[in-house]
Amino acid sequence: MSAAAATAAASYSLVRQPAMETGLLEVSMGPHHPSTHGVFRMDVRLDGETVVALKPVFGYLHRNHEKLAEGMSYLASMPFTDRLDYFNSMTNNWAYALAAEQLLPIEVPERAQYLRVIMAELTRLVNHTSLVGFFLNDLGALGTPLLYAFRERERILDLFEQASGARMMCNYFRFGGLRCDVPEGWLARARAVVDAFPRFLDEFEKLLCENEIVLARTQRVGVLSGAQAVNAGITGPMLRASGVNYDLRKVDRYGIYERFAFRVPLGSAGDCYDRFMIRLLEMRESLKILDAALRDIPTGPVMGNAPRVFKPAASETYGRVESPKGELGFYLIADGTTKPYRYRVRPPSFINLTVLEDLCVGHTIADAVVILGSVDIVLGEVDR
Amino acid sequence: MRLLGFGILKGMAVTLENFVRSYFDRDRRHHLFTKEYAWEPGAPAEVLPARADTTVTAHSRNFPILLHDGADPMGGIRCVACQICERECPPQCIYIEKDYDEQGKYIKRPAIFDIDLSVCMSCQICVEVCPFDAIVMDSQFELSTANRFGGLLQHRDQLLKSNEYYHRIHPEEARARDDRMAQEKAEKEAKQAAADAAKKKAAEAKAAAEIAAEKSKPEPSAPTAGGAA
């Protein structure tokens, strides 16, 4: 980056007249900037309008999540995981529960497994609808797409509230199952939401996916090659948009994902448009999983025979799930007490953010906003 | 080649359709217009709240309350001040002190039970760890206060609510909890009765064995005593 900056500066000093004294402009975008989706700062060096170097600065939302978890019991960390990626509390819960269930083998009952898949896929719908709305908002399509997306999201959040008591901070998963069963009639209501969802997707695709301005602003912008994505440890839709077929639901087959037939959409160009479209395609696949899960769900208990006091023997474990943003992992070291000795989160949006500079250099500053939107970050997870 | 701008027109057709439909589509009409309170006429039955002074549904949870049985709050308080919730609370917002009588003997109830609602994060861990079903979640959201310092610090008597209130705000959950408590109580009583019966039987058996032993003995003491007399 500094080399590129130096060359740009050098070439200008040759081309322009010395009396003009042009230089690079340093802009500090954020931490309070509407395009940064939270408190996040980009130190951008601009040559005219073109980004020459970009340094992401974060940590403004650091809340000591990992250290706090080492001072409290295993169960007490569960509500804090909701607050990592606050759009996807259900998948955060699942990743943590999965890690803890490996420490102290607990069987998860069948109904709970199905409900976990249903909740995780509904979460994916929530995340991807919000993302496409915010992404178009960043492009300048203010209001309309975001409000259409939030209209659908709200229906799913109502389902979450009926099941867990809260719209976003669900705190619903437990080691060995779920906190409580869904209320009566919930599955029928979920079925109604899932059945109505394709209509929204059709509408949304008609609304902006063929829009010439959107195509001009997103295609060939922020290209990430497959090799570079693998090198940087990118996961989730961003990796698949670059054409790498890697989905933990297929690779790890955690939970009961091997029972569902679904495809993994892949991009070819790895640009912002692919990253945007892959989310819309993934929602259609999630609807397939939801359809099958809501059809096959059995009756029965939702909680396995978990001990009242969770006290695993000294061991270590890593549990990971395909969260809507990528691979979300929890690394736990148990020392035989009721508290974890070490608790570490592998946040997908933090690691996906590491390639931001490579994506932005050479594009204009307005494109940097779009590229950041296509990466899909949540600062609660980046800073922890 | 396609007409440039066709995609834009297609998208605008969608917004126009939405605008027109919002006046005629019954389902959309309910969802498109903002309503100040969900219980306005025309709201579907499942979003209607269980009581008239809250903005939320019967499924919501907000902050913890303490339950009591019967009419007298302190007479029927279920909390025994075991302090499990205080220890388990993730943001450490509960403070409890045990109550003692004049002799300094621990009577099973809290002297102080404070919850700082400005710290509480509504996670419901306290409800789950409570072995006495004494603490449950309220769904009252209208809690604003003018006092910045301690205005949201709720004390024991403010937190105490009756079981009937709980049934009003969370009917399904309250019924399930009561059923489980009744079942646990019946099981405990059956176990106690069985233990009592077993104890009684053992005592009887022991007494019978003693009597039998007494009888089988050659009663050496009586003649001696008689002889001495």
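Structural notes, computed from the coordinates.

Concerning the overall build of chain A
Logical step 1: When you go through chain A residue by residue, the secondary structure sums to 16 helices and 8 strands.
Logical step 2: Computed over its C-alpha atoms, the radius of gyration of chain A comes to 22 Å, within 12% of the 21 Å expected for a compact globule of 384 residues.
Logical step 3: Across its three principal directions, the C-alpha atoms of chain A cover 80 × 50 × 35 Å.
Logical step 4: Each of the 384 residues in chain A was classed as buried or not, and the buried ones make up 60%.
Logical step 5: A separation of at least 24 residues holds for 72% of the contacts in chain A among residues at least 6 apart in sequence.
Logical step 6: Carbon and sulfur atoms provide 56% of the accessible area of chain A, an area that totals close to 14500 Å².
Logical step 7: Averaging the positions of the 42 positive and the 45 negative side-chain charges in chain A gives two centres separated by 4 Å.

Describing the state of the cysteines
A covalent bond between the sulfur atoms of two cysteines is what we call a disulfide.
All names here are of chain B.
Logical step 1: Here the structure, examined in full by the defined rule, presents 0 disulfides over all chains.
Logical step 2: Free of any disulfide, C85 has its nearest neighbouring cysteine sulfur in C126, separated by 6.3 Å.
Logical step 3: The buried category is assigned to C85, whose relative accessible area is 10%.
Logical step 4: Summary of cysteine pairing: C93 is not part of a disulfide, and the nearest cysteine sulfur, belonging to C89, is at 3.7 Å.

Structural notes on the sheet that holds strand β8 (residues 340-346) of chain A
Residues and elements named next belong to chain A.
Logical step 1: A sheet is described by the order of its strands in space; here 3 strands give the open sequence β6-β7-β8, paired in antiparallel fashion. Of all the strands in the sheet, just β6 (315-323) and β8 have a single pairing partner and so form its edges. In this sheet, neighbouring strand axes are inclined to one another by 10° on average, regardless of whether the strands run parallel or antiparallel.
Logical step 2: Where β6 and strand β7 (residues 326-334) come together, 9 bridges link them in antiparallel fashion. In the strand pairing of β7, V321 is matched with L328.
Logical step 3: Across the sheet, helix α4 (residues 89-103) is in contact with β6, β7 and β8; its angle to β6 comes to roughly 150°.

Quick notes on the packing of α4 of chain A against helix α5 (residues 110-139) of chain A
All names here are of chain A.
Logical step 1: Where α4 meets α5, the closest approach of the two axes is 8 Å, and the angle between their N-to-C directions is 140°. For the element pair α4 / α5, the angle class is oblique. Within the contact between the two elements, α4 uses M90, T91, W94, A97 and E101 and α5 uses R116, V117, M119, A120 and T123.
Logical step 2: Of the residues assigned to the contact of α4 with α5, the class counts are 6 nonpolar, 2 polar and 2 charged.

Notes on the side chain of T129 of chain A
Logical step 1: Inspection of the secondary structure puts T129 of chain A in helix α5.
Logical step 2: Apart from the residues lying within four places of it in its own chain, the contact partners of T129 of chain A are A149, R153, F197, F200 and M283 of chain A.

Concerning the interface of chain A and chain B
Logical step 1: Residue-level contacts link 33 residues of chain A with 35 residues of chain B.
Logical step 2: Of the roughly 2700 Å² buried between chain A and chain B on both sides combined, carbon and sulfur atoms contribute 49%.
Logical step 3: Where chain A packs against chain B, one counts 2 salt bridges.
Logical step 4: Linking chain A with chain B are 18 residue pairs in polar contact (both at pLDDT 80 or more), by the criterion used here.
Logical step 5: Of all the elements in the fold, those that place two or more residues in the side of chain A that touches chain B are α3 (78-82), α6 (144-164), α7 (186-209) and α8 (212-218) of chain A.

A word on the environment of L122 of chain A
Logical step 1: Of note, L122 of chain A is situated in helix α5.
Logical step 2: Taking the C-alpha atoms as reference points, L122 of chain A and N231 of chain A, 109 residues apart in sequence, are found 31 Å from one another.

Description of unusual backbone geometry
Residue and element names in this part refer to chain A.
Logical step 1: Although it is not a glycine, R253 sits at a positive phi angle of roughly 50°.
Logical step 2: By the secondary structure assignment, R253 is in the loop between α11 (248-251) and α12 (272-296).
Logical step 3: You can call R253 partly exposed: its relative accessible area is 40%.
Logical step 4: In this structure, D376 takes a positive phi of about 65° despite not being glycine.

Structural notes on the sheet that holds strand β2 (residues 41-47) of chain A
Residue and element names in this part refer to chain A.
Logical step 1: With antiparallel pairing, the 3 strands of this open sheet are ordered in space as β1-β2-β3. Looking along the sheet, the strands with just one partner apiece sit at the ends: β1 (25-29) and β3 (50-57). Strand after strand, the sheet turns through a mean of 20° between neighbouring axes, direction not considered.
Logical step 2: Here 7 bridges tie β2 to β3, and the two strands are oriented antiparallel to one another. Residue pairing across strands places R45 opposite A53, the latter belonging to β3.

Looking at the nonpolar core
Logical step 1: Counting 143 residues, the largest nonpolar core has F175, W186, F260, F276 and L356 of chain A together with F113 of chain B as the members making the most contacts within it.
Logical step 2: Here this core takes 14 residues from α5 of chain A, the largest share from any one element.
Logical step 3: Dropping the residues within four chain positions of it, F276 of chain A is found in contact with V132, F135, L136, F204 and C209 of chain A.

Calculation notes
Residues numbered from 1 in each chain as written. Chains lettered and ligands numbered in written order. Predicted model: local features only at pLDDT ≥ 70, side-chain atom pairs only at ≥ 80, totals over all residues. Heavy atoms only, no water. Helix = DSSP H or I, 4+ residues; strand = E, 2+ residues; numbered from the N terminus. Rg over C-alpha atoms; globule rule 2.2 N^0.38 Å. Buried < 20%, exposed > 50% of the residue type's maximum accessible area, 1.4 Å probe, protein only. Contact = heavy atoms within 4.5 Å. Areas by Shrake-Rupley, 256 points an atom, 1.4 Å probe, with all protein chains shown as cover. Lys, Arg positive; Asp, Glu negative; His and termini not counted. Charge placed at Lys NZ, Arg CZ, Asp CG, Glu CD. Disulfide = S-S within 2.5 Å. Pairing = 2+ DSSP bridges. Axes fitted to C-alpha atoms, helices over the stretch in contact; angles between N-to-C directions. Parallel < 35°, antiparallel > 145°, perpendicular 65-115°, else oblique. Nonpolar A, V, L, I, M, F, W, Y, C, P; charged D, E, K, R; others polar. Buried area = accessible area lost by both parts, 1.4 Å probe. Salt bridge = Lys/Arg side-chain N within 4 Å of Asp/Glu carboxyl O. Polar contact = N/O pair within 3.5 Å; in protein donor to acceptor, adjacent residues only side chain to side chain. Core = buried A, V, L, I, M, F, W, Y, C linked by side-chain atoms within 4.5 Å.

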